Amino acid sequence: FQVRDDILDEESDTETLGKTQGADRALNKPTYTSILGLDAAKELIQELHDDAVARLERFGNNAEALRWLARYIVERKH
């Protein structure tokens, strides 16, 4: 969740986010994007998603809600 939040803070706008865009950068807070860079943060979130989904395979359909949640976290826009 935090990786996506940091990506959105860089890429989105204040109106969409519901908070000031770039606030973490302005406060000089360490974020995934400030430490890794935007492209590497995007790669990391995809790797984390893929790993989570792979670990859920053994649970079959019982884990569908968790798979949905993992997708939502990666794709959310605000």
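Look above for the structure.
Residues numbered from 1 in each chain as written. Predicted model: local features only at pLDDT ≥ 70, side-chain atom pairs only at ≥ 80, totals over all residues. Heavy atoms only, no water.

Across the interface, helix α1 (residues 2-11) lies against helix α5 (residues 38-56) with an axial gap of 9 Å and an inter-helix angle of 145°. As for the relative orientation of α1 and α5, their crossing is left-handed in sense. Between α1 and α5, the contacting residues are Val3, Arg4, Ile7, Glu10 and Glu11 on the first element and Leu38, Ala41, Lys42, Leu44, Ile45 and Leu48 on the second. Its residues placed into classes, the contact of α1 with α5 shows 7 nonpolar, no polar and 4 charged. (Axes fitted to C-alpha atoms, helices over the stretch in contact; angles between N-to-C directions. Helix = DSSP H or I, 4+ residues; strand = E, 2+ residues; numbered from the N terminus. Left-handed = near helix turned anticlockwise from the far one by under 90°. Contact = heavy atoms within 4.5 Å. Nonpolar A, V, L, I, M, F, W, Y, C, P; charged D, E, K, R; others polar.)

Here the focus is the pattern of salt bridges. Under the counting rule described, the total for this entry stands at 8 salt bridges. Here aspartate 51 ties to arginine 55 by a salt bridge, and the two come within 3.0 Å at their closest N and O atoms. Within this pair, aspartate 51 and its partner arginine 55 are both found in helix α5, separated by 4 residues, close to a single helical turn. Residue arginine 55 is classed as exposed on the basis of its relative accessible area, which comes to 59%. Put simply, arginine 71 and glutamate 64 hold a salt bridge, and the shortest N to O gap is 3.8 Å. On the accessibility criterion, glutamate 64 (37% relative accessible area) is partly exposed. Within this structure, Asp5, Lys19 and Arg76 form a network of salt bridges that share partners. (Salt bridge = Lys/Arg side-chain N within 4 Å of Asp/Glu carboxyl O. Buried < 20%, exposed > 50% of the residue type's maximum accessible area, 1.4 Å probe, protein only.)

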